[in-house]
Amino acid sequence: RAAGAGGLVAAALLLALAGPRPVPAELTDGNSEHLKREHSLMKPYQGAGSAAMPLWDFQGSTMVTSQYVRLTPDERSRQGSIWNRVPCFLKDWELHVHFKIHGAGKKNLHGDGLALWYTQERLTPGPVFGSKDNFHGLAIFLDTYPNDEATERVFPYISAMVNNGSLSYDHSKDGRWTELAGCSADLRNQNHDTFLAVRYSRGRLTVMTDVEDKNEWKNCIDIAGVQLPTGYFFGASAGTGDLSDNHDIISMKLFQLMVEHPVEDDTVDWTKIEPRVSLLKSPKDNVDDPTGNFRSGPLTGWKVFLLLLCALLGIIVCAVVGAVVFQKRQERNKRFY
């Protein structure tokens, strides 16, 4: 179990340290050619206002209107979610989400956020933005409130997490220990449309945003080495606590990506693989900076001790070498007298 947890919490940190960020993947243009309607939620919502939407189930405080699906109202201690009834068996896909997070709360007086899911479990309420902890699959968190007072992140903050059921999301640290990568995004209380795209293809996870009213995608997360099973469910959830917001889903559109795979992939049962990420370095050894990237973490006691020990040994070596050189020079000078 511990080994599985350690295997999942790695992030592409060495890539960030080694050079510029990867070039963003080309996202689809949103045409309907490869739109999978059985996994898409769009207006007009069939069965709006009732508990009988043909392809989607919802629970908690979720309310379906003619214009949006409101997961939570701007009220305290609410949870809501909406889940696709049809499991997705696509190996390569792209999800476009049109959403809106807004409310009366001003600076740091709103929360908690919204989550997008591709998981084995569905319709299971819980503490992670209104849904289950220790899930199996992928989660994208749009976190609007900083619970960790020591954080240097700029909120709202988008992050990604892959879980095989062994990891727990730590709200007190805003999920930093299990985060694969993330970025800040000014997505709350905007007067224009806000969008997020999640692309998964050939083990590469890409998350991009369009929240600045520029009609262009901006790179947020780009990670290779991600393995996700087929047969999981798409969903969205949100939660409020002492602070609140309206969390609205306007549309979720899933597109099939036409991608060639190696011949050996045909022998793999993709419904049986375990969600995982190929590791580079654990984010537990790092802290975040306001840009969403990572830098070296603070010096702990043992690190300070090792640093001082190395410095002391260096001084001793320099002193010994200096003494030997000085002695040889003295002996050489005596020969000339």
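Just so we're clear, the structure is a prediction, and the values are computed from it rather than from any experiment. (Residues numbered from 1 in each chain as written. Predicted model: local features only at pLDDT ≥ 70, side-chain atom pairs only at ≥ 80, totals over all residues. Heavy atoms only, no water.)

(A) Quick peek at the state of the cysteines. Following the criterion strictly, the structure yields one disulfide and no others. Two residues share a disulfide in this structure: C183 and C220, whose sulfurs sit 2.0 Å from each other. Judged by the sign of its S-S torsion, about -105 degrees, the cystine formed by C183 and C220 is left-handed. Of this pair, C183 sits in strand β9 (residues 181-184) while C220 sits in strand β12 (residues 218-223); the two residues are 37 residues apart in sequence, bridging distant segments of the chain. With a relative accessible area of 1%, C220 lands in the buried category. (Disulfide = S-S within 2.5 Å. Helix = DSSP H or I, 4+ residues; strand = E, 2+ residues; numbered from the N terminus. Buried < 20%, exposed > 50% of the residue type's maximum accessible area, 1.4 Å probe, protein only.)

(B) Quick peek at unusual backbone geometry. Here the residue pair K43 and P44 is connected by a cis peptide bond, since its omega of -10 degrees sits within 30 degrees of zero. Locating P44 in the fold gives a position in the loop between α2 (13-18) and β1 (56-60). Cis geometry marks the peptide bond from G111 to D112; its omega dihedral reads 0 degrees. As for its position among the elements, D112 is in the loop between β5 (93-102) and β6 (113-119). Here the phi dihedral of S77 falls at roughly 55 degrees; this positive angle occurs in a residue that is not glycine.

(C) Here's a closer look at the confidence of the model for the protein. For the protein, mean pLDDT is 84; residues scoring 70 or higher make up 78% of the total. Across residues 1-25, confidence stays below pLDDT 50; counting only partners more than four residues off in sequence or on other chains, it has 68 contacts. Low pLDDT, under 50, characterises residues 281-300; the predicted model gives this stretch 54 contacts beyond four residues in sequence or across chains. (pLDDT = per-residue confidence, 0-100. Contact = heavy atoms within 4.5 Å.)

(D) Structural detail: the packing of aromatic side chains. Applying the stated rule across the entire model yields 11 aromatic pairs. Here the aromatic rings of W117 and F135 are separated by 5.1 Å at their centres, their planes lie at 80 degrees, and the arrangement is edge-to-face. Taken together, the positions of W117 in strand β6 and F135 in the loop between β6 and β7 (136-143) put the pair 18 residues apart, joining distant regions of the chain. Taking the relative accessible area as the measure of exposure, F135 reaches 1% and is therefore buried. Seen from their ring centres, Y118 and Y232 are 5.5 Å apart, and the 40 degrees between their planes marks the pair as tilted. With Y118 in strand β6 and Y232 in the loop between β13 (226-227) and β14 (233-239), this residue pair connects regions lying 114 residues apart in the sequence. Take Y118: its relative accessible area is 1%, and that puts it in the buried class. Given the relative accessible area of 6%, Y232 is considered buried. Ring pairs connect the aromatic residues W93, Y118, Y200, Y232 and F234, which therefore count as one cluster. Taking the ring centre of F233 as reference, the NZ or CZ of R122 above it sits at 5.3 Å. Over the ring of W177 we find R176, and its NZ or CZ is 4.6 Å from the ring centre. (Phe/Tyr/Trp six-rings, centres within 6.5 Å; stacked < 30°, edge-to-face > 60°. Lys NZ or Arg CZ within 6 Å of the ring centre and 35° of its normal.)

(E) Region of the structure containing the pattern of salt bridges. In total, this model carries 14 salt bridges according to the counting rule given. A salt bridge links R199 to E94, with the shortest nitrogen-to-oxygen separation between them at 2.9 Å. In this pair, R199 sits in strand β10 (residues 194-201) while E94 sits in strand β5, placing the two residues 105 residues apart along the sequence. One exposure class covers both R199 and E94, and it is buried. Across the pair K214 and E212 runs a salt bridge whose closest N-O atoms are separated by 3.4 Å. One connected set of salt bridges, linked through shared partners, spans D57, R85 and R122. (Salt bridge = Lys/Arg side-chain N within 4 Å of Asp/Glu carboxyl O.)

(F) Expanded view of the nonpolar core. One finds W93, I158 and I249 to be the most contacted residues of the largest nonpolar core, which totals 49 residues. Ranked by residues supplied to this core, first place goes to β5 with five residues. By size, the runner-up hydrophobic cluster in this structure holds 12 residues, among which are A115, F129, L167 and Y169. (Core = buried A, V, L, I, M, F, W, Y, C linked by side-chain atoms within 4.5 Å.)

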